[in-house]
Amino acid sequence: MQSIQTLGAQVYFYQEAYAQLSNHLKGSNYSSVFVLVDENTEKDCLPILLEKVEQLQKATILRIPSGEENKNIATCLQLWESLSEADADRKSLMINLGGGVLTDLGGFVASTFKRGIDFINIPTTLLAMVDASVGGKTGVDLGPLKNQVGVIREAVMVLVIPEFLKTLEERQLVSGFAEMLKHGLIQDFSYWQQLSKTQQFGTLEEHIHRSVSLKNQVVMKDPTEKNERKILNFGHTLGHAIESYFLNESEQETLLHGEAIAIGMVLEAYISSKLTGLPEDQLSDIKTTFKRFFKSVVFTASQIESILNLLRYDKKNSYGRVNFVLLKSIGEPVIDVQVPEDLLKSSFAYYME
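Residues numbered from 1 in each chain as written. Predicted model: local features only at pLDDT ≥ 70, side-chain atom pairs only at ≥ 80, totals over all residues. Heavy atoms only, no water.

### Some points on the overall build of the chain
What the chain contains, in helices and strands, is 14 helices and 11 strands. Computed over its C-alpha atoms, the radius of gyration of the chain comes to 20 Å, within 12% of the 20 Å expected for a compact globule of 353 residues. Counting only C-alpha atoms and orienting by the principal axes, one finds that the chain spans roughly 55 × 40 × 35 Å. For the chain, the proportion of its 353 residues judged to be buried stands at 57%. If you take every contact in the chain between residues at least 6 apart in sequence, the share linking residues at least 24 apart comes to 77%. Element-wise, carbon and sulfur atoms account for 47% of the exposed surface of the chain, whose accessible area totals about 14800 Å². (Helix = DSSP H or I, 4+ residues; strand = E, 2+ residues; numbered from the N terminus. Rg over C-alpha atoms; globule rule 2.2 N^0.38 Å. Buried < 20%, exposed > 50% of the residue type's maximum accessible area, 1.4 Å probe, protein only. Contact = heavy atoms within 4.5 Å. Areas by Shrake-Rupley, 256 points an atom, 1.4 Å probe, with all protein chains shown as cover.)

Pasting the structure below:
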(Lines give C-alpha, C1' and ligand atoms only; values in the text may rest on other atoms or scores of the structure.)
Protein backbone atom coordinates (compact mmCIF):
# COMPACT_ATOMS: atom_id res chain seq x y z
CA MET A 1 0.00 0.00 0.00
CA GLN A 2 1.34 3.42 -0.96
CA SER A 3 2.97 5.46 1.78
CA ILE A 4 1.66 8.94 2.65
CA GLN A 5 3.93 11.97 2.97
CA THR A 6 2.99 14.28 5.84
CA LEU A 7 4.66 17.60 6.63
CA GLY A 8 7.40 15.96 8.66
CA ALA A 9 7.04 12.21 8.34
CA GLN A 10 6.35 9.40 5.94
CA VAL A 11 3.51 7.09 6.95
CA TYR A 12 4.19 3.48 5.99
CA PHE A 13 1.66 0.65 6.02
CA TYR A 14 1.63 -3.10 6.59
CA GLN A 15 4.79 -5.16 6.10
CA GLU A 16 6.65 -2.29 4.44
CA ALA A 17 6.61 -0.53 7.81
CA TYR A 18 9.05 -3.03 9.36
CA ALA A 19 11.47 -2.74 6.44
CA GLN A 20 11.37 1.06 6.50
CA LEU A 21 12.04 1.15 10.24
CA SER A 22 14.96 -1.22 9.81
CA ASN A 23 16.38 0.91 6.98
CA HIS A 24 15.93 4.09 9.01
CA LEU A 25 17.78 2.66 11.99
CA LYS A 26 20.60 1.42 9.77
CA GLY A 27 20.94 4.79 8.04
CA SER A 28 20.65 7.03 11.10
CA ASN A 29 23.49 7.35 13.53
CA TYR A 30 21.41 7.36 16.72
CA SER A 31 23.40 7.32 19.94
CA SER A 32 20.68 5.29 21.69
CA VAL A 33 17.19 4.01 20.98
CA PHE A 34 14.28 3.84 23.45
CA VAL A 35 10.96 2.03 22.98
CA LEU A 36 8.05 3.33 25.06
CA VAL A 37 5.36 0.75 25.92
CA ASP A 38 2.55 0.15 28.38
CA GLU A 39 1.77 -3.21 29.98
CA ASN A 40 -0.50 -4.18 27.06
CA THR A 41 1.82 -3.32 24.18
CA GLU A 42 4.80 -4.78 26.02
CA LYS A 43 2.99 -8.13 26.14
CA ASP A 44 1.15 -8.14 22.81
CA CYS A 45 3.12 -5.97 20.38
CA LEU A 46 6.73 -5.54 21.52
CA PRO A 47 7.71 -9.20 20.90
CA ILE A 48 6.48 -8.93 17.29
CA LEU A 49 8.38 -5.68 16.75
CA LEU A 50 11.62 -7.06 18.20
CA GLU A 51 11.32 -10.17 16.05
CA LYS A 52 10.75 -8.17 12.85
CA VAL A 53 13.36 -5.44 13.42
CA GLU A 54 16.70 -6.85 14.46
CA GLN A 55 18.23 -3.44 15.22
CA LEU A 56 15.88 -3.02 18.20
CA GLN A 57 17.34 -5.93 20.17
CA LYS A 58 19.59 -3.53 22.08
CA ALA A 59 16.96 -0.81 22.57
CA THR A 60 16.10 0.34 26.09
CA ILE A 61 12.47 -0.34 27.02
CA LEU A 62 10.60 2.42 28.88
CA ARG A 63 7.32 1.48 30.57
CA ILE A 64 4.28 3.48 31.63
CA PRO A 65 0.86 2.27 32.87
CA SER A 66 -1.96 2.33 30.32
CA GLY A 67 -5.01 4.59 30.58
CA GLU A 68 -5.99 8.22 30.04
CA GLU A 69 -5.59 8.87 33.78
CA ASN A 70 -1.82 8.41 33.33
CA LYS A 71 -1.54 10.95 30.51
CA ASN A 72 -0.15 13.66 32.76
CA ILE A 73 2.93 15.65 33.70
CA ALA A 74 3.83 13.20 36.50
CA THR A 75 4.27 10.43 33.92
CA CYS A 76 6.31 12.79 31.74
CA LEU A 77 8.56 13.60 34.67
CA GLN A 78 9.15 9.91 35.27
CA LEU A 79 10.14 9.43 31.62
CA TRP A 80 12.38 12.51 31.45
CA GLU A 81 14.21 11.21 34.50
CA SER A 82 14.50 7.72 32.99
CA LEU A 83 15.93 9.16 29.77
CA SER A 84 18.40 11.27 31.71
CA GLU A 85 19.51 8.35 33.90
CA ALA A 86 20.05 6.26 30.75
CA ASP A 87 22.32 9.00 29.32
CA ALA A 88 19.98 9.85 26.45
CA ASP A 89 21.20 12.81 24.42
CA ARG A 90 20.01 14.91 21.50
CA LYS A 91 20.98 12.13 19.07
CA SER A 92 18.73 9.59 20.79
CA LEU A 93 15.53 8.20 19.28
CA MET A 94 12.25 7.37 21.00
CA ILE A 95 9.80 4.88 19.48
CA ASN A 96 6.25 5.15 20.83
CA LEU A 97 4.52 1.76 20.63
CA GLY A 98 0.93 2.10 21.78
CA GLY A 99 -2.42 3.82 21.49
CA GLY A 100 -3.29 7.50 21.43
CA VAL A 101 -2.45 8.11 25.09
CA LEU A 102 1.03 6.70 24.59
CA THR A 103 1.77 8.40 21.25
CA ASP A 104 0.48 11.77 22.54
CA LEU A 105 2.49 11.55 25.73
CA GLY A 106 5.57 9.92 24.18
CA GLY A 107 5.66 12.51 21.44
CA PHE A 108 5.49 15.30 24.02
CA VAL A 109 8.25 13.78 26.13
CA ALA A 110 10.50 13.39 23.08
CA SER A 111 9.68 16.89 21.81
CA THR A 112 10.71 18.51 25.09
CA PHE A 113 13.64 16.35 26.25
CA LYS A 114 16.94 18.14 25.44
CA ARG A 115 14.74 20.59 23.49
CA GLY A 116 13.64 17.81 21.18
CA ILE A 117 14.81 14.37 20.11
CA ASP A 118 13.54 12.32 17.16
CA PHE A 119 10.55 10.08 17.72
CA ILE A 120 8.68 7.48 15.70
CA ASN A 121 5.05 6.56 16.29
CA ILE A 122 3.88 2.97 15.93
CA PRO A 123 0.15 3.17 16.76
CA THR A 124 -1.39 -0.07 18.01
CA THR A 125 -5.05 0.96 18.29
CA LEU A 126 -7.42 1.96 15.51
CA LEU A 127 -7.90 5.37 17.13
CA ALA A 128 -4.18 6.05 17.13
CA MET A 129 -3.72 4.74 13.58
CA VAL A 130 -6.30 7.02 12.01
CA ASP A 131 -5.99 10.03 14.30
CA ALA A 132 -3.64 10.45 17.24
CA SER A 133 -0.34 9.37 15.70
CA VAL A 134 -0.61 11.53 12.54
CA GLY A 135 -0.56 15.32 12.41
CA GLY A 136 2.07 16.28 14.97
CA LYS A 137 -0.13 16.98 17.97
CA THR A 138 1.49 15.87 21.20
CA GLY A 139 0.50 16.58 24.77
CA VAL A 140 -0.94 15.64 28.13
CA ASP A 141 -3.97 16.38 30.27
CA LEU A 142 -4.25 18.69 33.28
CA GLY A 143 -6.27 16.63 35.73
CA PRO A 144 -9.43 15.68 33.84
CA LEU A 145 -8.97 18.47 31.26
CA LYS A 146 -7.95 17.02 27.91
CA ASN A 147 -4.73 17.96 26.11
CA GLN A 148 -4.14 21.25 27.90
CA VAL A 149 -0.32 21.08 27.66
CA GLY A 150 1.50 20.12 24.49
CA VAL A 151 3.33 21.08 21.32
CA ILE A 152 2.84 20.45 17.62
CA ARG A 153 5.83 18.49 16.34
CA GLU A 154 5.86 15.75 13.73
CA ALA A 155 7.27 12.28 14.22
CA VAL A 156 10.09 11.43 11.82
CA MET A 157 8.13 8.33 10.77
CA VAL A 158 4.73 6.74 11.44
CA LEU A 159 4.26 2.99 10.98
CA VAL A 160 0.72 1.64 10.61
CA ILE A 161 0.70 -2.13 11.16
CA PRO A 162 -2.89 -3.43 11.27
CA GLU A 163 -1.88 -6.84 12.66
CA PHE A 164 -1.64 -5.09 16.04
CA LEU A 165 -5.41 -4.53 15.88
CA LYS A 166 -5.90 -8.25 16.47
CA THR A 167 -4.87 -7.66 20.10
CA LEU A 168 -7.82 -5.30 20.73
CA GLU A 169 -11.29 -6.00 22.07
CA GLU A 170 -14.16 -4.78 19.91
CA ARG A 171 -14.94 -1.83 22.19
CA GLN A 172 -11.52 -0.33 21.38
CA LEU A 173 -12.03 -0.87 17.66
CA VAL A 174 -15.43 0.83 17.76
CA SER A 175 -13.89 3.78 19.63
CA GLY A 176 -11.41 4.32 16.81
CA PHE A 177 -14.18 3.88 14.25
CA ALA A 178 -15.79 7.08 15.59
CA GLU A 179 -12.87 9.14 14.26
CA MET A 180 -13.15 7.42 10.87
CA LEU A 181 -16.82 8.31 10.72
CA LYS A 182 -15.85 11.89 11.57
CA HIS A 183 -13.51 12.01 8.58
CA GLY A 184 -16.47 11.19 6.37
CA LEU A 185 -18.74 13.77 8.04
CA ILE A 186 -16.29 16.63 7.61
CA GLN A 187 -14.78 15.78 4.22
CA ASP A 188 -16.33 12.99 2.19
CA PHE A 189 -20.04 12.12 2.03
CA SER A 190 -19.40 8.93 0.03
CA TYR A 191 -16.86 7.76 2.62
CA TRP A 192 -19.42 8.41 5.37
CA GLN A 193 -21.98 6.33 3.48
CA GLN A 194 -19.47 3.54 2.95
CA LEU A 195 -18.47 3.39 6.63
CA SER A 196 -22.03 3.64 7.91
CA LYS A 197 -22.78 0.33 6.17
CA THR A 198 -20.04 -1.47 8.14
CA GLN A 199 -21.20 -4.82 9.48
CA GLN A 200 -18.10 -6.07 11.29
CA PHE A 201 -15.00 -4.35 12.62
CA GLY A 202 -12.53 -6.97 11.48
CA THR A 203 -12.75 -5.54 7.94
CA LEU A 204 -11.69 -1.96 8.64
CA GLU A 205 -8.11 -2.31 7.42
CA GLU A 206 -9.00 -1.24 3.89
CA HIS A 207 -10.34 2.07 5.21
CA ILE A 208 -7.39 2.99 7.47
CA HIS A 209 -5.33 4.34 4.57
CA ARG A 210 -8.26 6.50 3.43
CA SER A 211 -8.76 8.01 6.87
CA VAL A 212 -5.06 8.78 7.30
CA SER A 213 -5.05 10.39 3.85
CA LEU A 214 -8.11 12.54 4.60
CA LYS A 215 -6.67 13.77 7.89
CA ASN A 216 -3.31 14.47 6.30
CA GLN A 217 -4.90 16.59 3.55
CA VAL A 218 -6.31 18.90 6.22
CA VAL A 219 -3.12 19.05 8.29
CA MET A 220 -0.96 19.85 5.23
CA LYS A 221 -3.08 22.95 4.52
CA ASP A 222 -3.05 24.21 8.12
CA PRO A 223 -0.38 22.56 10.32
CA THR A 224 -0.83 24.79 13.36
CA GLU A 225 -4.64 24.91 13.41
CA LYS A 226 -5.20 28.55 12.54
CA ASN A 227 -8.18 27.83 10.28
CA GLU A 228 -9.04 24.71 8.28
CA ARG A 229 -7.48 22.18 10.65
CA LYS A 230 -10.13 23.13 13.17
CA ILE A 231 -12.61 21.02 11.19
CA LEU A 232 -10.95 17.91 12.68
CA ASN A 233 -12.50 19.00 15.99
CA PHE A 234 -16.07 18.33 14.88
CA GLY A 235 -17.77 16.56 17.78
CA HIS A 236 -14.82 17.28 20.07
CA THR A 237 -16.01 20.49 21.75
CA LEU A 238 -18.84 18.75 23.58
CA GLY A 239 -17.20 15.32 23.22
CA HIS A 240 -14.06 16.31 25.12
CA ALA A 241 -16.17 17.94 27.85
CA ILE A 242 -18.17 14.70 28.18
CA GLU A 243 -14.97 12.64 28.24
CA SER A 244 -13.44 14.91 30.90
CA TYR A 245 -16.58 14.77 33.04
CA PHE A 246 -16.67 10.97 33.11
CA LEU A 247 -12.92 10.79 33.66
CA ASN A 248 -13.27 12.95 36.77
CA GLU A 249 -16.33 11.21 38.24
CA SER A 250 -15.15 8.11 40.09
CA GLU A 251 -18.70 6.80 40.44
CA GLN A 252 -19.28 6.93 36.68
CA GLU A 253 -17.96 4.44 34.14
CA THR A 254 -15.21 6.13 32.12
CA LEU A 255 -15.98 6.59 28.43
CA LEU A 256 -13.39 5.83 25.79
CA HIS A 257 -12.39 8.77 23.62
CA GLY A 258 -14.36 7.61 20.58
CA GLU A 259 -17.45 6.88 22.66
CA ALA A 260 -17.49 10.44 24.01
CA ILE A 261 -16.76 11.95 20.60
CA ALA A 262 -19.58 9.91 19.03
CA ILE A 263 -22.02 11.55 21.47
CA GLY A 264 -20.44 14.93 20.72
CA MET A 265 -21.00 14.44 16.99
CA VAL A 266 -24.71 13.72 17.46
CA LEU A 267 -25.06 16.77 19.73
CA GLU A 268 -23.18 19.04 17.34
CA ALA A 269 -25.07 17.67 14.34
CA TYR A 270 -28.32 18.67 16.06
CA ILE A 271 -26.91 22.15 16.73
CA SER A 272 -25.84 22.28 13.07
CA SER A 273 -29.43 21.63 11.99
CA LYS A 274 -30.51 24.71 13.94
CA LEU A 275 -27.64 27.10 13.12
CA THR A 276 -25.90 26.15 9.88
CA GLY A 277 -28.58 24.41 7.85
CA LEU A 278 -27.71 20.71 8.17
CA PRO A 279 -30.66 18.99 6.44
CA GLU A 280 -33.03 17.05 8.68
CA ASP A 281 -32.56 13.80 6.75
CA GLN A 282 -28.78 14.01 7.24
CA LEU A 283 -29.20 14.77 10.94
CA SER A 284 -31.42 11.71 11.29
CA ASP A 285 -28.87 9.61 9.39
CA ILE A 286 -26.06 10.78 11.70
CA LYS A 287 -28.02 10.03 14.87
CA THR A 288 -29.21 6.62 13.63
CA THR A 289 -25.70 5.61 12.57
CA PHE A 290 -24.03 6.53 15.85
CA LYS A 291 -26.82 4.97 17.90
CA ARG A 292 -26.32 1.74 15.94
CA PHE A 293 -22.61 1.53 16.70
CA PHE A 294 -22.45 3.10 20.18
CA LYS A 295 -24.33 2.40 23.39
CA SER A 296 -26.60 5.28 24.43
CA VAL A 297 -25.79 7.25 27.57
CA VAL A 298 -28.44 8.92 29.75
CA PHE A 299 -27.52 12.35 31.16
CA THR A 300 -29.14 14.00 34.18
CA ALA A 301 -29.72 17.75 34.30
CA SER A 302 -26.90 18.20 36.82
CA GLN A 303 -24.51 16.16 34.65
CA ILE A 304 -25.33 18.31 31.61
CA GLU A 305 -24.69 21.43 33.68
CA SER A 306 -21.30 20.10 34.79
CA ILE A 307 -20.37 19.15 31.23
CA LEU A 308 -21.30 22.59 29.88
CA ASN A 309 -19.21 24.22 32.61
CA LEU A 310 -16.18 22.34 31.27
CA LEU A 311 -16.54 23.99 27.85
CA ARG A 312 -14.64 27.05 29.04
CA TYR A 313 -11.44 24.98 28.98
CA ASP A 314 -11.77 23.97 25.31
CA LYS A 315 -8.59 24.70 23.34
CA LYS A 316 -10.49 26.31 20.44
CA ASN A 317 -11.85 29.07 22.67
CA SER A 318 -10.76 32.64 22.02
CA TYR A 319 -11.56 35.88 23.88
CA GLY A 320 -13.74 33.92 26.29
CA ARG A 321 -15.96 32.53 23.52
CA VAL A 322 -16.58 28.82 22.96
CA ASN A 323 -16.07 28.08 19.25
CA PHE A 324 -17.79 25.12 17.60
CA VAL A 325 -17.23 23.25 14.35
CA LEU A 326 -20.62 22.59 12.76
CA LEU A 327 -21.90 21.16 9.47
CA LYS A 328 -23.79 22.83 6.61
CA SER A 329 -24.15 19.35 5.20
CA ILE A 330 -22.22 16.09 5.41
CA GLY A 331 -18.81 16.88 3.94
CA GLU A 332 -19.20 20.66 4.37
CA PRO A 333 -18.05 21.94 7.80
CA VAL A 334 -18.15 25.46 9.25
CA ILE A 335 -15.65 26.68 11.86
CA ASP A 336 -15.78 29.20 14.72
CA VAL A 337 -19.52 29.18 15.42
CA GLN A 338 -20.87 30.41 18.77
CA VAL A 339 -23.83 28.47 20.19
CA PRO A 340 -26.49 29.75 22.64
CA GLU A 341 -26.65 27.82 25.91
CA ASP A 342 -30.30 26.84 25.51
CA LEU A 343 -29.41 25.14 22.23
CA LEU A 344 -26.60 23.24 23.92
CA LYS A 345 -29.07 21.89 26.47
CA SER A 346 -31.68 20.99 23.87
CA SER A 347 -29.03 19.03 21.93
CA PHE A 348 -28.79 16.64 24.89
CA ALA A 349 -32.57 16.25 24.89
CA TYR A 350 -32.45 15.38 21.18
CA TYR A 351 -29.65 12.84 21.75
CA MET A 352 -31.65 11.08 24.49
CA GLU A 353 -34.94 10.93 22.53
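### Examining the packing of helix α8 (residues 189-196) against helix α9 (residues 205-221)
The contact between α8 and α9 brings their axes to 12 Å, and the two run at 150°. The two elements α8 and α9 cross, and the hand of that crossing is left-handed. For the pair formed by α8 and α9, the contact residues are Tyr191, Gln194 and Leu195 on the first element and His207, Arg210, Ser211 and Leu214 on the second. Grouping the constituent residues of the contact of α8 with α9 by class yields 3 nonpolar, 3 polar and 1 charged. (Axes fitted to C-alpha atoms, helices over the stretch in contact; angles between N-to-C directions. Left-handed = near helix turned anticlockwise from the far one by under 90°. Nonpolar A, V, L, I, M, F, W, Y, C, P; charged D, E, K, R; others polar.)

### A look at the layout of surface pockets
Over the atoms rolls a probe the size of a water molecule, and in doing so it shows where empty space is left. In this structure, the second largest pocket spans a volume of roughly 300 Å³. If you trace the second largest pocket, you find 15 residues lining it, with Arg171, Leu255, Glu259, Lys295 and Val297 closest to the centre. Residue assignment for the lining of the second largest pocket shows that the elements contributing at least two residues are α7 (170-187) and α11 (257-275). For the lining of the second largest pocket, the element with the highest residue contribution is α7, accounting for 3 residues. By residue class, the composition of the lining of the second largest pocket is 8 nonpolar, 2 polar and 5 charged. (1 Å grid on protein atoms, 1.4 Å probe; cavity = no way out; pocket = protein on both sides within 12 Å on 5 of 7 lines; lining within 4 Å. Points joined across faces, edges and corners; volume = space filled by probe spheres on them.)

### Concerning helix α1 (residues 15-27)
Across its 13 residues, α1 extends 19 Å between first and last C-alpha, which sits within 8% of the 18 Å expected from 1.5 Å per residue. Every buried residue belonging to α1 is among Ala17, Tyr18, Leu21, Ser22, His24 and Leu25, and all of these are buried. Along α1, the residues classed as buried sweep out an arc of 160° about the axis, all on the same side. Relative to its buried face, α1 has exposed residues pointing more than 90 degrees away, namely Lys26 and Gly27. Those residues of α1 that are buried lie in contact with β2 (10-13), β3 (32-37), α3 (46-52), β5 (92-98), β6 (118-123) and β9 (157-160). (Expected span 1.5 Å × (residues − 1). Arc of directions from axis to C-beta.)

### Notes on the nonpolar core
Where a protein is soluble and globular, its nonpolar side chains tend to be buried together. Ranked by size, the top nonpolar core spans 93 residues in total, and within it Ile242, Phe290 and Phe299 carry the most contacts. With 10 residues, α11 is the single largest residue contributor to this core. With near-sequence residues (within four places) excluded, Phe290 lies in contact with Leu181, Leu185, Trp192, Ala262, Met265 and Val266. Within the second largest apolar cluster, 24 residues are counted, among which are Leu49, Ala59, Ile120 and Met157. (Core = buried A, V, L, I, M, F, W, Y, C linked by side-chain atoms within 4.5 Å.)

### Observations concerning the packing of aromatic side chains
If you walk through the whole model with that rule in mind, you get 9 aromatic pairs. Seen in terms of ring centroids, Tyr245 and Phe246 are 5.2 Å apart; in terms of plane orientation they differ by 85°. Their pairing is edge-to-face. Here Phe299 and Phe348 contribute two aromatic rings whose centre-to-centre distance is 5.2 Å and whose plane-to-plane angle is 80°, an arrangement assigned as edge-to-face. With Phe299 in the loop between α12 (280-293) and α13 (301-309) and Phe348 in helix α14 (residues 341-352), the pair connects residues that are 49 residues apart, well separated along the chain. (Phe/Tyr/Trp six-rings, centres within 6.5 Å; stacked < 30°, edge-to-face > 60°.)

### With respect to the sheet that holds β3
A sheet is described by the order of its strands in space; here 7 strands give the open sequence β1-β2-β9-β6-β5-β3-β4, paired in mixed fashion. Two strands lie at the open edges of the sheet, namely β1 (4-5) and β4 (60-63), each paired on one side alone. Alignment of β5 against β6, held across 6 bridges, turns out to be parallel. Residue Leu93 lies in a different strand from β6, and its bridge partner there is Asp118. Of the strands in this sheet, β2, β3, β5, β6 and β9 are in contact with α1, which crosses β2 at around 130°. (Pairing = 2+ DSSP bridges.)

### So, the pattern of salt bridges
If the charged atoms of two oppositely charged side chains come close together, the side chains can form a pair. Counted under the stated rule, the structure contains 18 salt bridges. In this structure, Glu353 and Lys287 form a salt bridge, with 3.9 Å as the shortest nitrogen-oxygen distance. Taken together, the positions of Glu353 in the segment after α14 and Lys287 in helix α12 put the pair 66 residues apart, joining distant regions of the chain. Judged by relative accessible area, Glu353 falls into the exposed class, the value being 68%. (Salt bridge = Lys/Arg side-chain N within 4 Å of Asp/Glu carboxyl O.)

### Notes on α12
Between the first and last C-alpha of α12 there are 20 Å, a value that for 14 residues agrees with the 20 Å anticipated at 1.5 Å per step. Taken together, the buried positions of α12 are Gln282, Leu283, Ile286, Lys287, Thr289, Phe290 and Phe293. Taken around the axis of α12, the buried residues stretch over an arc of 165°, which confines them to a single face. Across from the buried face of α12, at angles greater than 90 degrees, the exposed residues are Glu280 and Asp281.

### Notes on the pairing of β9
Across the two faces of β9 the burial is the same, with Met157 and Leu159 and Val158 and Val160 all buried. With 4 bridges connecting them, β2 and β9 associate as parallel partners. When the sheet's bridge partners are listed, Phe13 is paired in β9 with Val160.

### Brief notes about empty space enclosed by the protein
One pass over the structure, following the stated rule, counts 3 cavities of 30 Å³ or more. If you add up the space inside the largest cavity, you get close to 120 Å³. If you trace the largest cavity, you find 12 residues lining it, with His240, Ser244, Leu310, Tyr313 and Asp314 closest to the centre. Those elements that provide at least two residues to the lining of the largest cavity are β8 (145-149) and α10 (236-248). A class-by-class count of the residues in the lining of the largest cavity yields 5 nonpolar, 4 polar and 3 charged.

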